[in-house]
Amino acid sequence: MDELLKILKNNALESPGNIAKMLNMSEDEVRKRIKEYEKKGIIRGYQAVVNEDQLDINRVMAVIEVTVTPEREGGFDRVSNRISRFPEVESLYLVSGDYDLLLFVEGRDLKSVSSFVSERLATIEGVKSTVTHFMLKTYKHHGVEMESQDEYERLKVSP
Amino acid sequence: MNTKDSKCPRDPIAAHLRDVPRSGIRDFFEIVSSVPDVISLGIGEPDFDTPWHVREASMFALEKGATKYTSNMGLPKLRKAIARYVGDTFHVSYDADREVLITVGVSEALDLAVRALVNPGDEVLYHEPSYVSYRPLIQFAHGCPVPVETRREEGFRITRDRLEERITERSRLLILNYPNNPTGAVLNREDVRIMAECAREHDLMVITDEIYAEMTYNGSHVSIASMPEMKERTIFLHGFSKSWAMTGFRIGYACAPPELTEAMMKIHQYTMLCAPILSQEAAMEALNEPDNDIREMRDEYVRHRNYIYHAFRDMGLPCVEPGGAFYAFPYIGDTGISSKDFALRLLEEEKVAVVPGSAFGACGEGYVRCSYATSLEELKEAMTRMAGFVRRITSC
């Protein structure tokens, strides 16, 4: 992967000036290349990684396994695109194994997620079955550990 | 005659030890420790944690009951893995049974190597500015330390002229350390070839401390042990502290022809017995997938290196672009204050710790060592504060 993307994936707030220093290029060049990535749709957005367990909000996340009957034309694409349009669906992957689609779904409470599954998802033509797991606690999200563990301190000066 | 009155109290400390000063780094460490909330660029170890698979393997080894002595030379499987790694990476082939000795960090290996080679009064050449241990270890072995100056204008690379100036008929040994702590300098293939030629011409033994070899950013690392007819006169030192971020495991090794290894082994078996078995097990795991572990760290060091090098240039501090290790060694002599005062005032006024260059030998005066093995956030903040400090002291 391009070094510039690695830096932004790690910290999207890194300033073009600092990136320029790290990559030995001009600030203008950095800005230009970020714009190009955005235009090509390689960079599709910038988000904060939030530990929502620490917020006092009632919200429910569920992981849902879905089996689907693939279609003669397009395979899983039509059903997947249809499902991904729902705002409740945070992520959607086609996977190998016992089921076909893996969904991460967000809702206000248990009831709203349940009704999304039973009324919206399960009723889509081609969806054969669903298994819903409610999430209890987040330990790691997007490569970031959500609980700070006690760390050993390094010596302040060493040879 | 009253013998009682004429007797001076005897100095209980051995004479050759009295002349060895405490490490300048240690003095500075004590000062820094007394100041809270310091951003430290004074740390000579990676800021990465040891790769998780290595830590996990050590726990598993402990569970299995790896709590006993190992053979003096070290675990046979580890010596095999090391011989393979050194062969692949440094292009020197060592026999795992007779030419690889596992030690408690490269520090022990260095001590063994110096003691195995030096007779009282032998002159030992080493380049300065240098890592703090070389000179004292030579003195502990009753040798005469002979520093060879390296200069900024020459990229802190040791040159034939400066080396030959210091060679006498008592010269016995040359210690090399590239990539270098504290300057970040590296030698290219031609430099290494010239050093090998000098060693052969003047019949010098060589100890090469290549602990930072994997942290080479411009071009590829060349070991002097791989040069023609050099293996037989070289003790090659390497370890896991820097490349695998395993400083606290204290695990390193020496590779050398059988008679040299046997000589080092004699001291090792009577003093240390063996390196800790858990650390040996951890090292074994580290060698399972070396490239993956090292690549990520090296990429980050390169970005930090570029950042700090540009930052010094923007501050107007002359600095050689470091080609390896994780140190930059900017020249602060134009500010008009000594490197010690610079470091002390930077600490007091800006709470940023760097190490005075004078801790690395007389010719380190006028420089400070800045380690960039620290988080980018801290590095950025440290550079901002240092820039303000430099502006302030140069304008008044």
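Keep in mind it's a predicted model, so treat the numbers as computed, not measured.

The rules behind these values
- Residues numbered from 1 in each chain as written.
- Chains lettered and ligands numbered in written order.
- Predicted model: local features only at pLDDT ≥ 70, side-chain atom pairs only at ≥ 80, totals over all residues.
- Helix = DSSP H or I, 4+ residues; strand = E, 2+ residues; numbered from the N terminus.
- Rg over C-alpha atoms; globule rule 2.2 N^0.38 Å.
- Buried ≥ 20, exposed ≤ 12 C-beta atoms within 10 Å, placed from the backbone.
- Contact = placed C-beta atoms within 7 Å.
- Domains from an automatic or database assignment.
- Pairing = 2+ DSSP bridges.
- Core = buried A, V, L, I, M, F, W, Y, C linked by C-beta atoms within 7 Å.
- Axes fitted to C-alpha atoms, helices over the stretch in contact; angles between N-to-C directions.
- Left-handed = near helix turned anticlockwise from the far one by under 90°.
- Nonpolar A, V, L, I, M, F, W, Y, C, P; charged D, E, K, R; others polar.
- Arc of directions from axis to C-beta.

1. A closer look at the overall build of chain B
Move 1: Helices and strands together make up the secondary structure of chain B, namely 14 helices and 12 strands.
Move 2: Its C-alpha atoms give chain B a radius of gyration of 22 Å, within 12% of the compact-globule value 21 Å for 396 residues.
Move 3: Judged by the C-alpha coordinates and their principal axes, chain B covers about 75 × 60 × 45 Å.
Move 4: Residue burial in chain B is summarised as follows: out of 396 residues, 51% are buried.
Move 5: Taking the intrachain contacts of chain B between residues at least 6 apart in sequence as the baseline, contacts between residues at least 24 apart amount to 75%.

2. Looking at the domain arrangement of chain B
Accessible area lost when the parts come together is the quantity often used to give the size of an interface.
Residue and element names in this part refer to chain B.
Move 1: Under the domain assignment used here, chain B contains domain 1 (3-49 + 292-395) and domain 2 (66-288).
Move 2: Opposite the 35 residues of domain 1 that make contact, domain 2 presents 33 residues.
Move 3: Listing elements by their share of the side of domain 1 that touches domain 2, those giving two or more residues are α12 (290-315) and β9 (327-328).
Move 4: Considering every element that reaches the side of domain 1 that touches domain 2, the biggest residue donor is α12, with seven residues.

3. A closer look at the environment of Val105(A)
Move 1: Of note, Val105(A) is situated in strand β3 (residues 101-107).
Move 2: The spatial distance from the C-alpha of Val105(A) to the C-alpha of Met146(A) is 19 Å, given a sequence separation of 41 residues.

4. With respect to the pairing of strand β2 (residues 100-103) of chain B
Residues and elements named next belong to chain B.
Move 1: With burial as the criterion, each face of β2 is covered, one bearing Val100 and Ile102 and the other bearing Leu101 and Thr103.
Move 2: Across four bridges, β2 lies against strand β8 (residues 252-255) in antiparallel orientation. Along β8, the bridge assignment pairs Leu101 with Ala254.

5. Quick look at the nonpolar core
Move 1: One finds Ala113(B), Leu237(B), Ala254(B) and Ile308(B) to be the most contacted residues of the largest nonpolar core, which totals 131 residues.
Move 2: Apart from the residues lying within four places of it in its own chain, the contact partners of Ile308(B) are Ala328(B), Cys370(B), Tyr372(B), Leu379(B) and Met383(B).
Move 3: If you look at the next biggest cluster of nonpolar residues, it comprises 13 residues, including Ile64(A), Ile83(A), Phe116(A) and Leu121(A).

6. Here we look at unusual backbone geometry
Residue and element names in this part refer to chain B.
Move 1: Cis geometry marks the peptide bond from Glu128 to Pro129, where omega comes out at 0°.
Move 2: Residue position: Pro129 is located in the loop between β3 (123-128) and α7 (134-140).
Move 3: The omega torsion of the bond from Asn181 to Pro182 falls at 20°, within 30 degrees of zero and hence cis.
Move 4: For Pro182, the position within the fold is in the loop between β5 (171-176) and α9 (189-201).
Move 5: Phi at Asp37 is positive, roughly 55°, even though this residue is not glycine.
Move 6: Positionally, Asp37 belongs in the loop between α3 (24-33) and β1 (39-40).
Move 7: Its identity as a non-glycine residue notwithstanding, Asp203 has a phi of 50°, on the positive side.

7. Details of the domain arrangement of chain A
Move 1: For chain A, the assigned domains are domain 1 (3-40) and domain 2 (52-141).
Move 2: One C-alpha centre belongs to domain 1 of chain A, the other to domain 2 of chain A, and the line joining them spans 34 Å.

8. Section: the packing of helix α5 (residues 76-90) of chain B against helix α11 (residues 277-286) of chain B
Residues and elements named next belong to chain B.
Move 1: One way to put it is that α5 packs onto α11 with a least axis distance of 10 Å and a crossing angle of 40°. For the pair α5 and α11, the sense of crossing is left-handed. When α5 is examined against α11, the residues Lys77, Leu78 and Ala81 are found in contact with a partner set consisting of Gln280, Ala283 and Met284.
Move 2: Considering only residue class, the contact of α5 with α11 consists of four nonpolar, one polar and one charged.

9. A few points about the pairing of strand β12 (residues 368-371) of chain B
Residue and element names in this part refer to chain B.
Move 1: The alternating pattern of β12 places Val368 and Cys370 on one face and Arg369 and Ser371 on the opposite face, and all of these are buried.
Move 2: Direction of pairing for β9 relative to β12: antiparallel, over a ladder of two bridges. Looking at β12, one finds that Ala328 is bridged to Cys370.
Move 3: Pairing of strand β11 (residues 355-356) with β12, which is carried by two bridges, proceeds in the antiparallel orientation. Across the sheet, residue Val355 finds its bridge partner in β12, namely Arg369.

10. Looking at α3(B)
Residue and element names in this part refer to chain B.
Move 1: Those residues of α3 that fall on the buried side of the exposure criterion are Gly24, Ile25, Phe28, Phe29 and Val32. The buried residues of α3 all sit within an arc of 135° when viewed along its axis, so they share a single face.
Move 2: Lining the buried residues of α3 we find β1, α13 (339-350), β10 (352-353) and β11.

11. Digging into the sheet that holds β11(B)
Move 1: Ordered by their spatial adjacency, three strands build an open sheet running β9-β12-β11 (chain B), and the pairing between neighbours is antiparallel. Edge positions in the open sheet fall to β9 and β11 of chain B, since each of these has one partner strand only.

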